[in-house]
Amino acid sequence: MKLSPIAFQAPQVTQVKHVSKPVKSAPKMALKTLDKDVFKKSSKKEFTNEDAMALMRKELQDAMSEKELDTYMKNLDEACKQLEIEPKNLPINEEHPGNLTKVQRLQIFTLLKYDSLSELA
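Residues numbered from 1 in each chain as written. Predicted model: local features only at pLDDT ≥ 70, side-chain atom pairs only at ≥ 80, totals over all residues. Heavy atoms only, no water.

Q: For this particular structure, what's the right way to read helix α2 (residues 66-83)?
A: In an α-helix, one full turn covers 3.6 residues, which means residues spaced three or four apart are oriented alike. Its 18 residues place the ends of α2 26 Å apart at the C-alpha level, agreeing with the 26 Å of an ideal helix rising 1.5 Å per residue. Considered for burial, the residues of α2 that qualify are Leu-69, Met-73, Asn-75, Leu-76, Ala-79 and Cys-80. Each buried residue of α2 sits inside an arc of 165° when the element is viewed along its axis, so together they form one side. Exposed positions of α2 whose direction lies more than 90 degrees from the buried face are Lys-67, Lys-81 and Gln-82. Positive phi shows up at Glu-84, right after α2, with a value of about 55°. (Helix = DSSP H or I, 4+ residues; strand = E, 2+ residues; numbered from the N terminus. Expected span 1.5 Å × (residues − 1). Buried < 20%, exposed > 50% of the residue type's maximum accessible area, 1.4 Å probe, protein only. Arc of directions from axis to C-beta.)

Right, here's the structure in full:
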């Protein structure tokens, strides 16, 4: 079987010369900032520590008596201060799952459990 010699020839490549011309410098521009924030924050206000404590109280009010709830909220506030955790970082409900580490969750749970057991004695 004989193949044609055209099949084995490489295509001819011609080298292209690049000519570089010096680019004239662009005119200098003075950039000005806007007086107002272009990207406005969402209409939703920021979730504060007070909002978190109020929401926690609302979530727990059906499960506890008023006295138990007051005691629990006081203990929770003290535990947050002791562990230097902001209440807005606590897991409250599905909308506010919190962002505590496993160690922080264990610490706050232990403190609250200890406080509730010490009050029963």
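Q: Sorry if this is basic, but what is going on with the nonpolar core here?
A: In globular proteins that are soluble, nonpolar side chains generally tend to be buried together. In this structure, Met-56, Met-73, Leu-76, Leu-90 and Ile-108 are the most contacted members of the largest nonpolar core, which totals 17 residues. Excluding its chain neighbours within four sequence positions, the residues that come into contact with Met-73 are Met-53, Met-56 and Arg-57. (Core = buried A, V, L, I, M, F, W, Y, C linked by side-chain atoms within 4.5 Å. Contact = heavy atoms within 4.5 Å.)

Q: What should I look at first to understand the packing of helix α1 (residues 49-60) against α2 in this one?
A: To characterise two packed helices, one gives the angle between the axes of the helices and the distance between these axes. As a packed pair, α1 and α2 sit with axes 11 Å apart at the nearest point and diverge in direction by 145°. The hand of the α1/α2 crossing is right-handed. In this structure, α1 contributes Met-53, Met-56, Arg-57 and Leu-60 to the contact, and α2 contributes Glu-66, Leu-69, Asp-70, Tyr-72, Met-73, Leu-76 and Asp-77. Of the residues assigned to the contact of α1 with α2, the class counts are seven nonpolar, no polar and four charged. (Axes fitted to C-alpha atoms, helices over the stretch in contact; angles between N-to-C directions. Left-handed = near helix turned anticlockwise from the far one by under 90°. Nonpolar A, V, L, I, M, F, W, Y, C, P; charged D, E, K, R; others polar.)

Q: Explain the environment of Thr-71 here, please?
A: Within the secondary structure, Thr-71 sits in helix α2. On the accessibility criterion, Thr-71 (23% relative accessible area) is partly exposed. Separated by 44 residues in the primary sequence, Thr-71 and Asp-115 have C-alpha atoms spaced 9.4 Å apart.

Q: Which parts of the structure should I look at to understand the confidence of the model for the protein?
A: Detailed conclusions should not be drawn from predicted coordinates in areas where pLDDT is low. Looking at the protein, pLDDT values average 79 and 61% of them are 70 or higher. When pLDDT is averaged over each helix and strand of the protein, the minimum, 83, is found for helix α3 (residues 102-120) and the maximum, 94, for α1. (pLDDT = per-residue confidence, 0-100.)

Q: Got a minute to help me understand the pattern of salt bridges in this structure?
A: Oppositely charged side chains can pair when the atoms bearing their charge come close. For the structure shown, the criterion picks out five salt bridges. Two residues, Glu-86 and Lys-88, come together in a salt bridge whose shortest N-O distance is 3.7 Å. On the basis of relative accessible area, Glu-86 is assigned to the partly exposed category, the value being 37%. (Salt bridge = Lys/Arg side-chain N within 4 Å of Asp/Glu carboxyl O.)

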